[in-house]
Amino acid sequence: MNETTIVEILLVEDNPQDLRLTQRALIKANLANHIHVARDGQEALEFIFCEGEYAGRKIENAPKVILLDLKLPKVDGKEVLERIKSDPRTKMIPVVVLTSSKEQSDVVESYHLGVNSYIVKPVNFEGFAAAVQQLGMYWLLHNQPPKLAE
Amino acid sequence: MQEDRQLKSSLKEIDDLKAALDEHAIVAITDPQGKITYVNDKFCAISKYARQELLGQDHRIINSGHHPKEFIRDLWTTIGQGKVWKGEIKNKAKDGSFYWVDTTIVPFLNGDGKPRQFVAIRADITARKDAEMASARLAAIVEFSHDAIIGKDLNSVVISWNKGAEKIFGYTAGEMVGASITRLIPADRQDEENQILGNIKRGETLEHFETLRQTKDGRLIDVSVTASPIKDAAGNIIGVSKMARDITESKRAQEARRASEASYRTLFDYAPDGIVIADSQSFYLDANASMCRMLGYSREELIGLNASDIVAKKEIQHIGPALSEIGGKSDHHREWQFRRKDGSVFDAEVIATKVPDGNLLGVIRDITERKEAQAKIHHLNSELEQRVIERTAQLEAANKELEAFSYSVSHDLRAPLRAVDGFSQAVLEDYGPQLPEGCREELQTIRNGAQRMEQLIDDLLTFSRLSRLPLSKSAVDTGKLVRSVLGELNYIQKNRQIDVSIADLPPCQADPALLKQVWLNLLSNALKYTGKRKEALVEIGCVQAKGQNVYFVRDNGTGFDMKYAHKLFGVFQRLHRAEDYEGTGVGLAIVQRIIHRHGGRVWAESTVNGGATFYFTMEGENKL
């Protein structure tokens, strides 16, 4: 089985510190086994839609959840979200926005685009770790996803 | 023979008498029925009828219709009784002319005393009658003339004095006839009478001599005197006829007219507007100095020119319609472009009208300056509008920048803090036991700093958002809002007693979310700064001042020194140490920003340890 076929979490994060903190929190919760990291919006889209570097992937091997930052290089998080949610092949993938922004406009827009959850990253690490662990547990263990494969 | 001769001689005598009578008188004889049986030549001559036309007719043929029926009846009654009738009769000749005759009718009776015939002997008195009539007419004219007509002798003694004289001078004829005319002459003019008499004696007539005379009641009046000599039949001057007319009124009217003309002339000459008088074809008859100055023509040059010579070429076509408008008795009011002598043009406002003599009067005002001012105002307005558009655009740009800035702050400023906090914690977790004494506390301080910074960023973003978001006002039930805020604050604490009293709070017009923020900040402050009181008191109320709702929150907390009151509402300004009362110093700045955006005021009163009261004003519900 190809490493990328068993991805459970797609983590889209450009900030290396945030990336390490998120990974640290996931490791502590034993949820880090099947994480794939995309460092910008374009890489995230290529991974999800199996293009470019990820052309060998199968689109039906979708991650169980996508943790998406909003402010990203190249293609920003909202556009990524829009692409995912407007494509019938991917629109059922749960997407959780994990961002620094508390701006109402960001929250409202994200929900308009069909986000499944909007989490503000707290500065306080205990809070941050708790949030990441809880949403990992929720989407990976408690949530019952629809069968995506035909 | 003797008798014959005697008869002959008698007949001859009668014939002579008759011949003499015919020479002198108009004779007619009628029968008892009034039919003419004889007329003499003089009768025919004066009545202009031939004898044959008269014989057999009665006297109605020459009836003038002048005399009343009673007069004729009286005549017939008299002569019917055989008595002689005498009287003056007006008759009509064949050609329609009238003549007067002094008439004697003698009835001749037959044996039984009945009239046999009537002999009428008449004398022509037409000339006398005409003279009498003329003189009566003259007397009436003199009597009823409004002018004084006075006759006097050469010694200035008044002989006749008419009603006009009575009216003008106030003396009756009884008072004046026989008196000297000099009583009418003012003391300083007594010489005049002698001069007038001198002229009259030389046979001269004095015409329209204007002088002053004194009336009976002492008034001096202006009179115009015409005096002429009265001559007797032989042509000797025997007196003076004098006509005097009171011209006081006409003199006064003349004076008034002269004064009025003079003032109009002055107005015309000195008016700042151009004034022209033109004939009905718009040829100029006169123009004032302003008009000449405006157009650059002399008055002499302008007179005789036509409107078409002084209006701009494109305006010439409008002259005809304007003239018919004025001719149609309506005033003309319009802006025209005029052409000066040097060809340059200018704008003027014209009011033209027809004056009673049929000429046209035009008033022309140069409105170049007004036009320029209008253009300037127009220009300034559009400049101002442009400036407003630019400023608005600048403001919008600034707002956009601020928004982008906030967005960036919101996204990017927290990440480094998270790193500081997160990795401090990572060090504590991973290397805790190896760390030297005190290091754990320092790391904890680093984390505290980062977390406090996050709070500051959040507050700052909230504050900045308040300036950008549009207000959406509606009626707010203030009492309900306050209770819900208090509920959220969940202030009840076990270790101390907190009394909150809420008075009646009137509704207001405000953005509900923002107003909630105001109450939240003020009430949480009140709870915070009473934190060290065993019995905390928070009083919430509203008073009316100048038609505004003044809401207040009063506490018995630590208060502040009024000398720092000016710092109270500044961003990040704090009047207490962080270890005494935590906070970022943004809460009251937010309160002030929200109140100001609603057009209200906010202020506070306090004493150190004496509690504080925060007031703010907000439009009442009835205002909208």
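Please refer to the structure higher up on the page.
Residues numbered from 1 in each chain as written. Chains lettered and ligands numbered in written order. Predicted model: local features only at pLDDT ≥ 70, side-chain atom pairs only at ≥ 80, totals over all residues. Heavy atoms only, no water.

Undergrad: Mind showing me how you'd approach the sheet that holds strand E13 (residues 332–339) of chain B here?
TA: Strand pairing in a sheet is mediated by backbone hydrogen bonds. Such pairs are either parallel or antiparallel. Residue and element names in this part refer to chain B. Spatially, the five strands line up as an open sheet ordered E12-E11-E15-E14-E13, and their pairing is antiparallel. Two strands lie at the open edges of the sheet, namely strand E12 (284–287) and E13, each paired on one side alone. Averaged over all pairs of adjacent strands, the angle between their axes in this sheet comes to 30°, without regard to strand direction. Bridge count for strand E11 (residues 274–278) against strand E15 (residues 360–366) is five bridges, and the pairing is antiparallel. When the bridges of E15 are listed, Gly274 appears paired with Ile364. Contacts from helix H13 (residues 319–327) reach E13, strand E14 (345–354) and E15 within the one sheet, and its direction differs from that of E13 by about 150°. (Pairing = 2+ DSSP bridges. Helix = DSSP H or I, 4+ residues; strand = E, 2+ residues; numbered from the N terminus. Axes fitted to C-alpha atoms, helices over the stretch in contact; angles between N-to-C directions. Contact = heavy atoms within 4.5 Å.)

Undergrad: Just to check I follow, could you spell out the state of the cysteines for this structure?
TA: Formally, a disulfide is one covalent bond, and it connects the sulfur atom of one cysteine to the sulfur atom of another. Going through the model one piece at a time under the given rule, you end up with zero disulfides over all chains. For Cys542(B), which is in no disulfide, the shortest distance to another cysteine sulfur is to Cys508(B) and amounts to 8.7 Å. (Disulfide = S-S within 2.5 Å.)

Undergrad: What is the right way to look at the environment of Asp74(B) in this model?
TA: All names here are of chain B. Mapped onto the fold, Asp74 is located in helix H4 (residues 69–80). On the accessibility criterion, Asp74 (43% relative accessible area) is partly exposed. When the C-alpha atoms of Asp74 and Ala398 are compared, they prove to be 130 Å apart, with 324 residues separating the residues in sequence. (Buried < 20%, exposed > 50% of the residue type's maximum accessible area, 1.4 Å probe, protein only.)

Undergrad: Sorry if this is basic, but what is going on with the sheet that holds strand E3 (residues 85–92) of chain B here?
TA: Residue and element names in this part refer to chain B. The sheet built from five strands is open, its strands ordered E2-E1-E5-E4-E3 with antiparallel pairing. For this open sheet the edge positions go to strand E2 (36–39) and E3, each flanked by a neighbour on one side alone. Within this sheet the neighbouring strands show an average axis-to-axis angle of 30°, counted without direction. Here nine bridges tie strand E4 (residues 98–109) to strand E5 (residues 115–124), and the two strands are oriented antiparallel to one another. By the bridge assignment, Phe108 is partnered in E5 with Gln117. Contacts from H4 reach E3, E4 and E5, with the element oriented near 135° to E3.

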